[in-house]
Amino acid sequence: MEIKIKELTKTFKDRVAVDQLSLTIGKGEFFALLGENGAGKTTTIKMLSCLMEPTSGDAIMLGDSIVGNPQAVKKKLNISPQETAVARKLSVQENLEFIARIYGSTKQDAEQKAIRLMEMFGLADRAKSKGRNLSGGMERRLSIAMAMISEPEIIFLDEPTVGLDVRARLDLWQILLDLKGQITIILTTHYLEEVEALADRIGIMHKGRLQALGTLEELKNQTGQTKLQDVFLQLTAEEENP
Ligand SMILES: Nc1ncnc2c1ncn2[C@@H]1O[C@H](COP(=O)(O)OP(=O)(O)OP(=O)(O)O)[C@@H](O)[C@H]1O
């Protein structure tokens, strides 16, 4: 089973934000969606996570349609949004337990889940720290841990390392590498080194369309470039005479 996106389209008034996007993402794949500002990445993620209805087209998410059965799709996925949902007055552990209770865990179960995720995300020694006192890197890690509470099969990470310093970014990459293969991860980012370090495959969007798709090596071969930055610039270049 996989994620099968079929001619997915979103139009806002006369603006086509996502234009007949078709692609397949394998189960357990780490997929990076790239594109310039306004290329349509966030709109794509909103549709795939059933936060926004497509104008036309569909996506079958591990067997269920976002159009036909969004409730079933929502159960399989979770999102770590750019603006994190960390509650500033709750501690790290309380944030995790709160989410677990929302998803129906008993008090004891919620505590166990929180402890396991704090271990996994390197937050155990900050269990009692309030959300407002966390560094940017810790807040990000907590946000992803919160998204993992529901044990999703698919997780969307929307620019997870924006504003993080080098060490915090590398720490987060290591955690994501540990997660890799266990669940399907769809990442959007503007950091190309992040894509090189983490992604199995890359999709590059440009003006709502899928401009290129492949592994890093495939994209390099396709464009004759040796660096992802040059691949990206070539594939998203404006035509001279539009
Ligand atoms: N709710 C909306 N109403 C009208 N237009 C919108 C809406 N949401 C997005 N758009 C437009 O759709 C296009 C795609 O936007 P989107 O946010 O998906 O791009 P993006 O690739 O995520 O960009 P960024 O890298 O800046 O986050 C843009 O032209 C944007 O202005």
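Residues numbered from 1 in each chain as written. Predicted model: local features only at pLDDT ≥ 70, side-chain atom pairs only at ≥ 80, totals over all residues. Heavy atoms only, no water.

- For the protein, an unreviewed UniProt entry supplies the name ABC transporter ATP-binding protein and the organism Planococcus notacanthi.
- UniProt lists a comment for the protein under the heading Sequence similarities (unreviewed entry), and it reads "Belongs to the ABC transporter superfamily." (UniProt positions renumbered as here; feature names shortened; annotations may be inferred.)

What to know about the sheet that holds strand β4 (residues 56-61)
Line of reasoning, step 1. Here 4 strands make up an open sheet; going across it, the order is β2-β1-β4-β5 and the pairing antiparallel. Each edge of the sheet is formed by a strand with only one pairing partner; in this case those strands are β2 (15-26) and β5 (64-65).
Line of reasoning, step 2. Note that strand β1 (residues 2-12) and β2 share 8 bridges and pair antiparallel. Residue pairing in the sheet places T11 in a bridge with V16 of β2.
Line of reasoning, step 3. Against the sheet, helix α1 (residues 41-48) touches β1, β2 and β4, its axis set at about 120 degrees to β1. (Pairing = 2+ DSSP bridges. Helix = DSSP H or I, 4+ residues; strand = E, 2+ residues; numbered from the N terminus. Contact = heavy atoms within 4.5 Å. Axes fitted to C-alpha atoms, helices over the stretch in contact; angles between N-to-C directions.)

Examining the packing of helix α3 (residues 92-102) against helix α4 (residues 107-120)
For any two helices packed against each other, one specifies the inter-axial angle together with the distance between the axes.
Line of reasoning, step 1. Relative to each other, α3 and α4 sit at 130 degrees, their axes nearing to 8 Å. The angle between the axes of α3 and α4 places the two elements in the oblique class. For the crossing formed where α3 meets α4, the hand is right-handed. Contact with α3, carried on its side by V92, Q93, L96, E97, A100 and R101, involves K107, A110, E111, A114, I115 and M118 of α4 and no other residues of that element. (Parallel < 35°, antiparallel > 145°, perpendicular 65-115°, else oblique. Left-handed = near helix turned anticlockwise from the far one by under 90°.)

A short note on the packing of helix α5 (residues 136-148) against helix α6 (residues 166-179)
Line of reasoning, step 1. Interaxial distance between α5 and α6 falls to 9 Å at its minimum, and their mutual angle equals 20 degrees. Classed by the angle they form, the pair α5 and α6 counts as roughly parallel. For the pair α5 and α6, the sense of crossing is right-handed. Contact residues: α5 offers G137, R140, R141, I144 and M148, while α6 offers A168, D171, L172, I175, L176 and L179.
Line of reasoning, step 2. Among the residues making up the contact of α5 with α6, the classes are represented as 7 nonpolar, 1 polar and 3 charged. (Nonpolar A, V, L, I, M, F, W, Y, C, P; charged D, E, K, R; others polar.)

Section: α5
Line of reasoning, step 1. Here α5 spans 19 Å end to end across 13 residues, near enough to the 18 Å set by a 1.5 Å rise per residue.
Line of reasoning, step 2. Counting buried residues in α5 gives 11 out of 13 residues, a clear majority hidden from the surface.
Line of reasoning, step 3. Those residues of α5 that fall on the buried side of the exposure criterion are G137, M138, R140, R141, L142, S143, I144, A145, M146, A147 and M148.
Line of reasoning, step 4. Looking at the packing, one finds that the buried side of α5 touches β6 (77-80), α3, α4, β7 (154-158) and α6. (Expected span 1.5 Å × (residues − 1). Buried < 20%, exposed > 50% of the residue type's maximum accessible area, 1.4 Å probe, protein only.)

Describing empty space enclosed by the protein
Line of reasoning, step 1. In the structure shown here, the tally under the stated rule is 1 cavity of 30 Å³ or more.
Line of reasoning, step 2. Computed from the structure, the largest cavity encloses a volume of approximately 40 Å³.
Line of reasoning, step 3. Taken together, I5, L21, L23, I25, F31, L33, T44, L48 and I186 make up the lining of the largest cavity.
Line of reasoning, step 4. Elements supplying a minimum of two residues to the lining of the largest cavity: β2, β3 (30-35) and α1.
Line of reasoning, step 5. Counting residues per element, the lining of the largest cavity draws most heavily on β2, at 3 residues.
Line of reasoning, step 6. Broken down by class, the residue content of the lining of the largest cavity amounts to 8 nonpolar, 1 polar and no charged. (1 Å grid on protein atoms, 1.4 Å probe; cavity = no way out; pocket = protein on both sides within 12 Å on 5 of 7 lines; lining within 4 Å. Points joined across faces, edges and corners; volume = space filled by probe spheres on them.)

Thoughts on the sheet that holds β7
Line of reasoning, step 1. Spatially, 6 strands are ordered β6-β7-β8-β3-β9-β10 in an open sheet, and the strand pairing comes out mixed. Edge positions in the open sheet fall to β6 and β10 (209-214), since each of these has one partner strand only. In this sheet, neighbouring strand axes are inclined to one another by 20 degrees on average, regardless of whether the strands run parallel or antiparallel.
Line of reasoning, step 2. Pairing analysis gives 5 bridges linking β7 to strand β8 (residues 184-188), with the strands arranged parallel. Within β8, the residue paired with I154 across the bridge is T184.
Line of reasoning, step 3. Along the sheet, α5 contacts β6 and β7; its crossing angle with β6, the most-contacted strand, is approximately 165 degrees.

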